[in-house]
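# Observations on chain architecture
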Amino acid sequence: MTAAKQKPRAATNTDVDLGLSLLHWMDLSRAIEDRLHVMKRQGRLPGRLVSGRGQEAIPVGATLALEAHDIVCPLHRDLGANLVKGITPTEFLCSYLWKTGHPSQGRDSDVHIGDLRRGIYPMISHLPDSWPVALGFGMASTRLGLDRVTLAFCGDGATSTGAWHETLNMSAVFRTPNVWVIENNKYAYSTPLAKQYAITSLADRAAAYGMPGVEVDGNDAIAVHETVRQAVDRARGGGGPTLIEAHTMRIEGHAVHDDASYVPKELIAEWKARDPIDALRGRLLAAGVEAERLEAIAADNKAAVGAAVAAAEAAPQPEPSGSEEQEVYAPPSAGDWVLPPAKDAGGARP
Ligand SMILES: Cc1ncc(C[n+]2csc(CCOP(=O)(O)OP(=O)(O)O)c2C)c(N)n1
Ligand SMILES: [Mg+2]
């Protein structure tokens, strides 16, 4: 079975509000990561720096299709998903600077950020081990009648692991309310797709499990959003999971330490010309939105990032004492902080 392909279509008036919202979050994500790159070069950033530059349409477009009580499981290129779900620029900067002022209070760092109360399951480093957890959220939602959809992301490389296949099989068997999104950015560290799998479309794998598989242009934020929204509606309506393969490109190295010399320069140039933020701006201008409105979004975001950097640099480092009791183990009243309340379940929690 060949995976369905999302057909591009012209923007409508109703797309304009959505487009502006998508642009706001994608631009904010990029503004933060651009600033982090500068800080890294200035020696003001400890640790590593991984970015999702050029892939912003996927985490932002997908997460905007969720409701407040739904859950997202972002990975290392999905800053935009965290932002849409409520992580502030200051919290993110505090994470990168190992400061208090974000959910793990300086005891974890960089992209390892999230907050269950806001419906964000923090990244697990071992890829794709957040997928079995996302499956568990899905199973809990069905069993407890919570009307909660869980959206999880992974890269192309993660699809070669056993946990990935086992997760999708169980998800289909139990018709869990999950949306599974692959960010196919053509490389897993230095490994190109041809050395990762022998099929042409990862979405084709969905047929093997018995769920729909959909391919979408991952640099088209509106197409990503529509595709994920359909999958979310289907999951919420009891129709089961969907596997979505969003095509994009990692236009930088794996992280700042990697010059990506193993990636053909033409491939990077081709995808840089398809930048998702530039594409969305062009689409909004063509739909009649004034350039000043778009410039204001960028200016506001830049100012917000500047304020976040100042706040994070001024924030204290964590106190070493009491860390085990306070931040490593769940408090006895874990039910008070785990997950946002279910929408129509009278506050019932899994
Ligand atoms: C099980 C496991 N093996 C290796 C790693 C180290 N690692 C971190 S990111 C990465 C590349 C993953 O590639 P992909 O899934 O395509 O995601 P991308 O980085 O391209 O977004 C690797 C190998 C890991 N985190 N987990
Ligand atoms: Mg990859």
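See the structure printed just above.
Residues numbered from 1 in each chain as written. Chains lettered and ligands numbered in written order. Predicted model: local features only at pLDDT ≥ 70, side-chain atom pairs only at ≥ 80, totals over all residues. Heavy atoms only, no water.

### Focus on the pairing of strand β7 (residues 213-217)
The criterion, for reference: Burial classes follow relative accessibility: with a 1.4 Å probe on protein chains only, a residue under 20% of its type's maximum area counts as buried, one over 50% as exposed, and anything between as partly exposed. The way it works is that DSSP assigns letters per residue, a run of H or I at least four long becomes a helix, a run of E at least two long becomes a strand, and they are numbered from the N terminus. Note on pairing: DSSP must find at least two bridges between two strands before they are called paired. A crossover counts as right-handed when, viewed with the strands pointing away from the observer, the path leading from the first strand over the helix to the second turns clockwise.
Extensive coverage of β7 is indicated by the burial of four of its five residues. The sheet contact formed by β7 and strand β8 (residues 242-247) spans five bridges and is parallel. Residue pairing in the sheet places Asp217 in a bridge with His247 of β8. Of the crossover connections in this fold, the one passing from β7 over helix α8 (residues 221-236) to the parallel β8 is right-handed.

### Brief notes about the pairing of strand β3 (residues 150-155)
Where burial is concerned, most of β3 is hidden: five out of the six residues are buried. Pairing of strand β2 (residues 71-73) with β3, which is carried by three bridges, proceeds in the parallel orientation. The residue bridging Cys73 from the neighbouring strand is Ala152, located in β3. The sheet contact formed by β3 and strand β4 (residues 178-184) spans six bridges and is parallel. Across the sheet, residue Thr150 finds its bridge partner in β4, namely Asn178. Read from β3 through helix α6 (residues 162-173) to β4, the crossover connection turns out right-handed.

### So, the pattern of salt bridges
When the charged atoms of two side chains lie near each other, side chains of opposite charge can form a pair. Here is the rule we go by: Basic side-chain nitrogens of Lys or Arg form a salt bridge, by our definition, when they fall within 4 Å of a carboxyl oxygen of Asp or Glu.
Scanning the entire structure with this criterion turns up 16 salt bridges. With a closest N to O distance of 2.8 Å, Arg30 and Asp275 form a salt bridge. In this pair, Arg30 sits in helix α1 (residues 13-41) while Asp275 sits in the loop between α9 (265-272) and α10 (276-286), placing the two residues 245 residues apart along the sequence. Each member of the pair, Arg30 as well as Asp275, is classed as buried. When the shortest N-O distance is used, the salt bridge between Arg117 and Asp115 registers 3.1 Å. Each of the salt bridges in this network shares a partner with another, and the network as a whole consists of Glu67, Asp70, Asp147 and Arg236.

### Examining the site of ligand 1
Put simply, the test is: Summary of the distance rule: residues count as near a molecule or strand when at least one heavy atom falls within 4 Å of that molecule or strand. As used in this structure description, the phrase polar contact means that two N or O atoms lie within 3.5 Å; if the pair is within protein, one of them must be able to donate a hydrogen and the other to accept it, and residues adjacent in sequence are counted only when both atoms belong to side chains. Accessible areas in this description were obtained via Shrake-Rupley with a 1.4 Å probe; residue shielding takes into account the shown protein chains only. With a 1 Å grid laid over protein atoms only, a set of points is called a cavity when a 1.4 Å probe fits there but cannot get out and a pocket when it is open yet has protein on both sides within 12 Å along at least five of seven lines; lining residues have an atom within 4 Å of a point. In this description, a molecule resides in a pocket or cavity if more than half of its atoms sit within 2 Å of the grid points defining it. Three classes are used, and their members are as follows: Ala, Val, Leu, Ile, Met, Phe, Trp, Tyr, Cys and Pro are nonpolar, Asp, Glu, Lys and Arg are charged, and the others, Gly among them, are polar.
Among the 14 residues in the neighbourhood of ligand 1, the closest are listed as His76, Arg77, Ser125, Gly157 and Tyr187. Asp156 has a polar side-chain atom sitting 3.2 Å from an oxygen atom of ligand 1. Compared with its free state, where it exposes 580 Å², ligand 1 has 67% of that area covered by protein. With respect to the detected pockets, ligand 1 is housed in the second largest pocket. A class-by-class count of the residues in the shell around ligand 1 yields five nonpolar, seven polar and two charged.

### Focus: the layout of surface pockets
Defined as follows: Grid points are joined across faces, edges and corners, and a volume is the space filled by probe spheres set on the points.
In this structure, the second largest pocket encloses a volume near 330 Å³. Around the second largest pocket, the lining comprises 24 residues; the ones closest to its centre are His76, Arg77, Leu127, Gly155 and His254. Every element with two or more residues in the lining of the second largest pocket is listed here: β3 and β5 (187-188). The dominant element in the lining of the second largest pocket, judged by the number of residues it contributes, is β3, at three residues. Here the lining of the second largest pocket is composed, by residue class, of 10 nonpolar, eight polar and six charged.

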